[in-house]
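# Chain and residue survey
In case you want the letters, here they are:
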Amino acid sequence: MRRVDPSEIVAPRVSIITVVFNARELLRQTINAIDDLDYPNLEHIIIDGGSTDGTVDILCSNRMISVRSVSEPDHGIYDAMNKGIQLASGEYVWFLNAGDTPAAADVLNKLRSGQSPDVLYGDTNLIDEGGHLVNVAEAPQLLSSEKMAWGMRVSHQSIILRRSIVPFYDLRYSFIADQKWVIDSLKRADVCLYTDSPLSNYLLGGLSQREYGRFWLEKVSYSFNELSLILACSVTIKDVFSATRFYLGSYFRKIKSSLSW
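How each quantity is defined
- Residues numbered from 1 in each chain as written.
- Predicted model: local features only at pLDDT ≥ 70, side-chain atom pairs only at ≥ 80, totals over all residues.
- Heavy atoms only, no water.
- Salt bridge = Lys/Arg side-chain N within 4 Å of Asp/Glu carboxyl O.
- Helix = DSSP H or I, 4+ residues; strand = E, 2+ residues; numbered from the N terminus.
- Buried < 20%, exposed > 50% of the residue type's maximum accessible area, 1.4 Å probe, protein only.
- Contact = heavy atoms within 4.5 Å.

## Quick look at the pattern of salt bridges
Applying the stated criterion across every chain yields a total of twelve salt bridges. For Glu25, the salt bridge is made with Arg28, and the minimal N-O distance between the two is 3.5 Å. Residue Glu25 and its partner Arg28 are both found in helix α1 (residues 24–35); the two are separated by three residues, about one turn of the helix. Classification of Arg28 as partly exposed rests on a relative accessible area of 31%.

Right, dumping it as structure tokens:
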């Protein structure tokens, strides 16, 4: 078998989709990091929800990669993400929202190695609002739709999917549409490739973190509507323990804070 010369391998186009609303400086961070990627075939799609803080001014700034942008009102973050999928022309799609960045300049190198996975995924650096690394969320070495039913085993920002297998986000859900999207995509995937390293830097403070109670109730509803009864019951029991731990932790932190005064 003839060895493939790396120079003969054509890098598949990756469409990076960024959703933003009134987050000019966070968007600038994401743009700068994407422009620093060591990858020759990128497309950056920016979906702005009609910002009024000057975000629009930097949507079409001079850049070395292909850029497509839209600035108009939408019906929420998942509606905006669907617009991004509609505009994408790449073989792969990767969601990095305003404030999120690639973990390193060479994170897409595995797509240049001659491998052709349906899913490329990795770990996630969790970053606080001060720009400090809080933790590294490790992804499982083996990924499946069944594992994802138990929770977001991989951060949304650390999974790159072949565009031909991705559906649109289900707008019936306000908090877990991203998890359902990944699960539905994995059901269509044949080859998943784990990078064994961080793929993205994720800025903490997302919608599901701020609205944990509503997120949890929607998760229960999704489980019993979409999963088998046995799996739905098992996942819900796990989620009850997680929610209890979350609220008890918040309660005791408040007590500790009040006592410190």
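## Points about the side chain of Glu43
Tracing the backbone shows Glu43 in strand β2 (residues 42–48). For Glu43, the residues in contact, after removing those within four places along its chain, are Arg13, Val14, Ser15, Ile16, Ser66, Arg68, Leu87, Ala88, Ser89 and Gly90.

## Looking at the environment of Asp100
Of note, Asp100 is situated in the loop between β4 (92–95) and β5 (101–102). Assessed through its relative accessible area of 3%, Asp100 is described here as buried. Separated by 25 residues in the primary sequence, Asp100 and Asn125 place their C-alpha atoms 10.0 Å from one another.

## Focus on the environment of Gly130
One can find Gly130 in the loop between β6 (119–127) and β7 (133–137). As a C-alpha pair, Gly130 and Leu203 span 73 residues in sequence and 9.6 Å in three-dimensional space.

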